[in-house]
Amino acid sequence: MNAAQLLEFLVSTPSVSGNEDTIATSLSGILSSEGFRIQREGDSIWFTLGNNARPHLLLLSHLDTVPPCKGWNSDPFKAHIDDSKIIGLGANDAKGSVAAMIMAAHEIQHRDFVGSITFAFVADEERGGEGIRAIKPKLGHIDAAVVGEPTGLQICTAQRGLLILRCTAHGKASHAAHAHLGDNAIHKAARDISRLAVMEFETHEDLGATRAEVTQITGGLSRNQVPDRCEFFVDLRTTANLDHATVANEIDSALESDVAVHSHRYEPVATNASEVVVRAALEAANASAGIGSVTTSDWAFLKGIPAIKVGPGDTNRSHRPNEYLLFSELEKGAAFYSRFIHVYFRMAAKEVVHV
Ligand SMILES: [Zn+2]
């Protein structure tokens, strides 16, 4: 299969998160027939090329998609080809990256290189990262990772994390006519929300400021009662210079409400420009500097491993109707991953001498 045929096949195989069995099984079948030794855990699959030596490079992307939204002009679960592009759910996020990585795997399948590469295509990226979290312990030591997501082949070296806090303001109920007997929890929450709106956190050099955004609020039982409880959620898109526990504590001590961590597992990540994986990717992309990314991905679960996020397509087309990938983008993506692998192992080989 060439890259276009492979992408057409992937897009025409529905794989909304939680329903990846079919795509994992059929892609495993194709890859096995092409000589790759497939391993599988749940609906995530992977294979390793090379002699199991270090450095061990991981190329990772995801098989699942979000459910289709409204506004599609064609069947989202069927690849619709027009002259220059392939339209369908997941074409851009992230089946284009999967297809391009597989093309790169073909290219190096029968070559000699010092080290090893694992190609992993996982389930559940869009829903919580269950796929990568389940297979990561089985992959052994990883020296560097590339996460395939649509970045327009720009090298993303920093990615925001996500911290969600659940805040509860407690008060005392009373009849609204006897408000002096109560303690209004909504008023307390309102004071806290005003505090959050002006809170500042240390700025990140590529990604800038982190803000505390209140996204949901509930409180009050009836129109004539002083409420004794008000709950609100705070969404913080964090950067790698901030620690989730420290930020949560800082907010806790600034608010009258009780603060609980609702979700903290999407860690912010960043990779230093001096790392081989960054230098190799910049050379392969003929670029001078990396960029920061505001959208989270499975990279969040690879904290501690020097990693980048790069792939064909445009993040603005993801999770939207008529998602597409240009054939030219797919070709460039495959060429980029191949070039990157060569440069990475060349640079890593030189690096070992200095260690
Ligand atoms: Zn994605």
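Residues numbered from 1 in each chain as written. Predicted model: local features only at pLDDT ≥ 70, side-chain atom pairs only at ≥ 80, totals over all residues. Heavy atoms only, no water.

**Some words on the sheet that holds strand S11 (residues 212-219)**
What counts, and what does not: In short, DSSP must find at least two bridges between two strands for them to pair. Labels follow the DSSP assignment, with helices taken as runs of H or I lasting at least four residues and strands as runs of E lasting at least two, numbered in each case from the N terminus. Whenever a helix is involved, its axis is fitted only over the stretch in contact; in every case the axis is a line through C-alpha atoms, and angles between N-to-C directions fall within 0 to 180 degrees. Throughout, a residue-residue contact means that at least one pair of heavy atoms, one from each residue, lies within 4.5 Å.
Ordered in space as S11-S13-S9-S14, the four strands form an open sheet in which the pairing is antiparallel. The open sheet is flanked by S11 and strand S14 (258-266), the only strands paired with a single partner. For this sheet the average axis-to-axis angle between neighbouring strands, irrespective of direction, equals 20°. Here eight bridges tie strand S9 (residues 162-170) to strand S13 (residues 229-236), and the two strands are oriented antiparallel to one another. Within S13, the residue paired with Arg166 across the bridge is Phe233. Lying over the sheet, helix H5 (residues 185-197) contacts S9, S11 and S13, oriented at roughly 15° with respect to S13.

**Examining the coordination of the zinc ion**
Ideal coordination angles are 109.5 degrees for a metal with four donors arranged tetrahedrally and 90 or 180 degrees for a metal with six donors arranged octahedrally. Applied cut-off: Coordination shells were defined by N, O and S atoms within 2.8 Å of each metal, extended to 3.2 Å for Na, K and Ca; water is absent from the atom set, which can make sites look incomplete. Key to geometry: four donors with every angle between 85 and 135 degrees are tetrahedral; four donors are square planar and six octahedral where opposite donors lie over 155 degrees apart and all remaining angles lie between 65 and 115; all other sites are irregular. Any residue under 20% of the maximum accessible area for its type is buried, any over 50% is exposed, and the rest in between are partly exposed; the area is computed with a 1.4 Å probe on protein chains only.
Around the zinc ion, the protein contributes the donor atoms His62 (NE2), Asp93 (OD), Glu149 (OE) and Glu149 (OE), at 1.9 to 2.7 Å from the metal centre. Here the zinc ion is ringed by four donor atoms whose angles at the metal span 52 to 143°, and the overall shape comes out irregular. Coordination of the zinc ion draws on donor residues from a single chain, spaced H-x30-D-x55-E in sequence. Here the residue His62 occupies a position in strand S3 (residues 56-62), and Asp93 occupies one in helix H3 (residues 91-108), the gap between them amounting to 31 residues. A single burial state applies to His62 and to Asp93, both of which are buried.

**A word on the side chain of Asp143**
Worth spelling out the cut-off: For the purposes of these results, a polar contact is taken to be a pair of N or O atoms within 3.5 Å, where, inside protein, one atom must be able to donate a hydrogen and its partner to accept one; residues adjacent in sequence count only when each atom of the pair is a side-chain atom.
Turning to its location among the elements, Asp143 is positioned in the loop between helix H4 (130-135) and strand S7 (144-147). Within the structure, Asp143 has its side chain in polar contact with the backbone nitrogen of His56 (distance 2.7 Å). Among the polar contacts made by the side chain of Asp143, one reaches the side chain of His141 at a distance of 3.2 Å. When sequence neighbours within four positions are dropped, the list of residues in contact with Asp143 reads Arg54, Pro55, His56, Ile305, Pro306 and Tyr344.

**Some words on empty space enclosed by the protein**
Note the following rule: Cavities and pockets were defined on a 1 Å grid built from protein atoms only: a cavity is a group of points that admits a 1.4 Å probe but offers it no way out, a pocket is an open group of points flanked by protein on both sides within 12 Å along at least five of seven lines, and a lining residue is one with an atom within 4 Å of any such point. Grid points are joined across faces, edges and corners, and a volume is the space filled by probe spheres set on the points. Residues are grouped as follows: Ala, Val, Leu, Ile, Met, Phe, Trp, Tyr, Cys and Pro are nonpolar; Asp, Glu, Lys and Arg are charged; every other residue, Gly included, is polar.
Overall, the coordinates contain one cavity of 30 Å³ or more when judged by the stated rule. If you trace the largest cavity, you find it lined by Thr65, Val66, Leu89, Gly90, Asp93, Glu126, His319 and Glu323. Class assignment for the residues of the lining of the largest cavity results in two nonpolar, three polar and three charged.

**Quick notes on the packing of helix H1 (residues 3-11) against helix H2 (residues 21-33)**
Describing two packed helices takes the angle between their axes plus the distance from one axis to the other. Condition: For classification purposes, an angle smaller than 35 degrees is called roughly parallel, one larger than 145 roughly antiparallel, one from 65 to 115 roughly perpendicular, and anything else oblique. For a crossing to be left-handed, the near helix must be turned anticlockwise from the far one by less than a right angle; the clockwise case is right-handed.
The N-to-C vectors of H1 and H2 enclose an angle of 155°; their axes lie 11 Å apart at closest approach. In terms of their interaxial angle, H1 and H2 are classed as roughly antiparallel. Every pair of crossing elements has a handedness; the one defined by H1 and H2 is right-handed. Where H1 abuts H2, its residues Leu6, Phe9 and Leu10 lie against Ile23, Ser26, Leu27 and Ile30. A per-class count over the contact of H1 with H2 returns six nonpolar, one polar and no charged.

**Quick notes on the sheet that holds strand S5 (residues 85-87)**
Each strand in a sheet pairs with another by means of backbone hydrogen bonds, the pair being arranged parallel or else antiparallel. Reading across from one edge, S4-S5-S18 is the order of the three strands in this open sheet, with antiparallel pairing throughout. Single-partner strands in this sheet number two, and they are strand S4 (80-81) and strand S18 (324-326). Sheet analysis places S5 next to S18, joined by three bridges and oriented antiparallel. Each bridged residue has a counterpart across the sheet, and for Lys85 the counterpart in S18 is Leu326. Where H1 meets the sheet, its contacts fall on S4, S5 and S18, and the angle it forms with S5 comes to roughly 10°.

**Focus on the packing of aromatic side chains**
What counts here: Aromatic pairs are defined between Phe, Tyr and Trp rings, using the six-membered ring for Trp, whenever the two ring centres lie within 6.5 Å; interplanar angles under 30 degrees are classed as stacked, those over 60 as edge-to-face, and all others as tilted. Think of it as a cone above the ring: NZ of Lys or CZ of Arg counts as a charge over the ring if it is within 6 Å of the ring centre and within 35 degrees of the ring normal.
For the structure shown, the criterion picks out eight aromatic pairs. Seen from their ring centres, Phe36 and Phe47 are 4.4 Å apart, and the 35° between their planes marks the pair as tilted. Here Phe47 lies in strand S2 (residues 44-50) and Phe36 lies in the loop between H2 and strand S1 (39-41), a separation of 11 residues in the sequence. Pairing Tyr266 with Phe301 gives two aromatic rings, centres 5.2 Å apart and planes at 55°, and the pair type is tilted. One end of the pair, Tyr266, is in strand S14; the other, Phe301, is in the loop between strand S16 (291-293) and strand S17 (307-309), with 35 residues separating them in the sequence. Here Phe301 falls in the buried class, since its relative accessible area comes to 11%. An aromatic cluster of at least three residues, connected via ring pairs, comprises Phe113, Phe336, Tyr337, Phe340, Tyr344 and Phe345. The ring of Tyr324 has Lys85 sitting right over it, with the charged end atom 4.9 Å from the ring centre. Here the basic side chain of Arg133 rests over the ring of Phe301, its NZ or CZ set 5.3 Å away from the ring centre.

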